[in-house]
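# Close look at the chain arrangement
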Amino acid sequence: MGKKVYIILSNTGTLFSKAIGMYTKKELNHASIAFDEELNEMYSFGRKSDHNPFNGGFIKENPIKGMLQRATCAIYECAVTDSEYLRMKSIITQMEQQQQLYKYNLIGLVYVAINIEKERENAFFCSQFVATIMKECPSSQFRVAPPLTQPYHFEQLSALSLTFKGDLQTYVSGKRKVEKPIHVSVWRKYALSIASFM
């Protein structure tokens, strides 16, 4: 029968993301993988707390809260076999059960910058993690070594099909069939405009 997985490339707008963007010259510098198009099962490596960029590791992401709340994105789908899907899910389940063992591979970003392939035990950066999971999917023909993978490499993969590009909240609200949340800053803008007429 076959199933689909989803690769999400995003721009969170954080200082860390902007710093990476200055090096990569790319707009989308965060990578995640999801196992449903509504993004209820969405995983990556990143900060565990919105307010502490130095505490990172394996995370299950919530696309409507935290760092992704104002993100722009590109979402790709990839057809996989049932066995590939199960293998990928199995790795995720194992990581989720032992997530305290995993840390963010900040040093790995330095090695990427100088094009040196170096793995560290139980340490990943976001695109390295997604590439590691995708390696369980031979039909994707993903060729880049995970420790050297950058988010834009997924854009070049012929097995992936672009299904959406734009505001992440617009995508999620459409797929989940819920009203798109209005951010606090928007409410403040409306309040000020109303106040100006009073």
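Before reading on, note that the structure itself is shown above.
What comes next is a walk through the structure.

Rules of the game
- Residues numbered from 1 in each chain as written.
- Predicted model: local features only at pLDDT ≥ 70, side-chain atom pairs only at ≥ 80, totals over all residues.
- Heavy atoms only, no water.
- Axes fitted to C-alpha atoms, helices over the stretch in contact; angles between N-to-C directions.
- Helix = DSSP H or I, 4+ residues; strand = E, 2+ residues; numbered from the N terminus.
- Parallel < 35°, antiparallel > 145°, perpendicular 65-115°, else oblique.
- Contact = heavy atoms within 4.5 Å.
- Nonpolar A, V, L, I, M, F, W, Y, C, P; charged D, E, K, R; others polar.
- Phe/Tyr/Trp six-rings, centres within 6.5 Å; stacked < 30°, edge-to-face > 60°.
- Buried < 20%, exposed > 50% of the residue type's maximum accessible area, 1.4 Å probe, protein only.
- 1 Å grid on protein atoms, 1.4 Å probe; cavity = no way out; pocket = protein on both sides within 12 Å on 5 of 7 lines; lining within 4 Å.
- Points joined across faces, edges and corners; volume = space filled by probe spheres on them.

### A closer look at the packing of helix 2 (residues 82-97) against helix 4 (residues 126-134)
Closest axis-to-axis distance for the helix 2/helix 4 pair is 9 Å, and the angle between their directions is 135°. Viewed along their axes, helix 2 and helix 4 adopt a mutual orientation that is oblique. Residues Met88, Ile91, Ile92 and Met95 of helix 2 form the contact with helix 4, whose participating residues are Phe129, Ile133 and Met134. The residue makeup of the contact of helix 2 with helix 4, split by class, is seven nonpolar, no polar and no charged.

### Quick notes on the packing of aromatic side chains
According to the stated counting rule, one finds 11 aromatic pairs in the structure shown. Between phenylalanine 35 and tyrosine 85, the ring centres sit 5.6 Å apart and the planes meet at 85°, which makes this aromatic pair edge-to-face. Here the residue phenylalanine 35 occupies a position in the loop between strand 2 (30-34) and strand 3 (42-49), and tyrosine 85 occupies one in helix 2, the gap between them amounting to 50 residues. The pair phenylalanine 35 / tyrosine 85 is uniform in exposure class, with both members buried. Look at phenylalanine 45 and phenylalanine 129: their rings are 5.2 Å apart centre to centre, the planes differ by 45°, and that puts the pair in the tilted class. Of this pair, phenylalanine 45 sits in strand 3 while phenylalanine 129 sits in helix 4, and the two are 84 residues apart along the sequence.

### Details of the layout of surface pockets
The computed volume of the largest pocket comes to approximately 620 Å³. Taken together, 27 residues line the largest pocket, and the ones lying closest to its centre are His30, Phe45, Gly46, Arg47 and Met67. Listing elements by their share of the lining of the largest pocket, those giving two or more residues are helix 1 (15-24), strand 3 and strand 4 (52-60).

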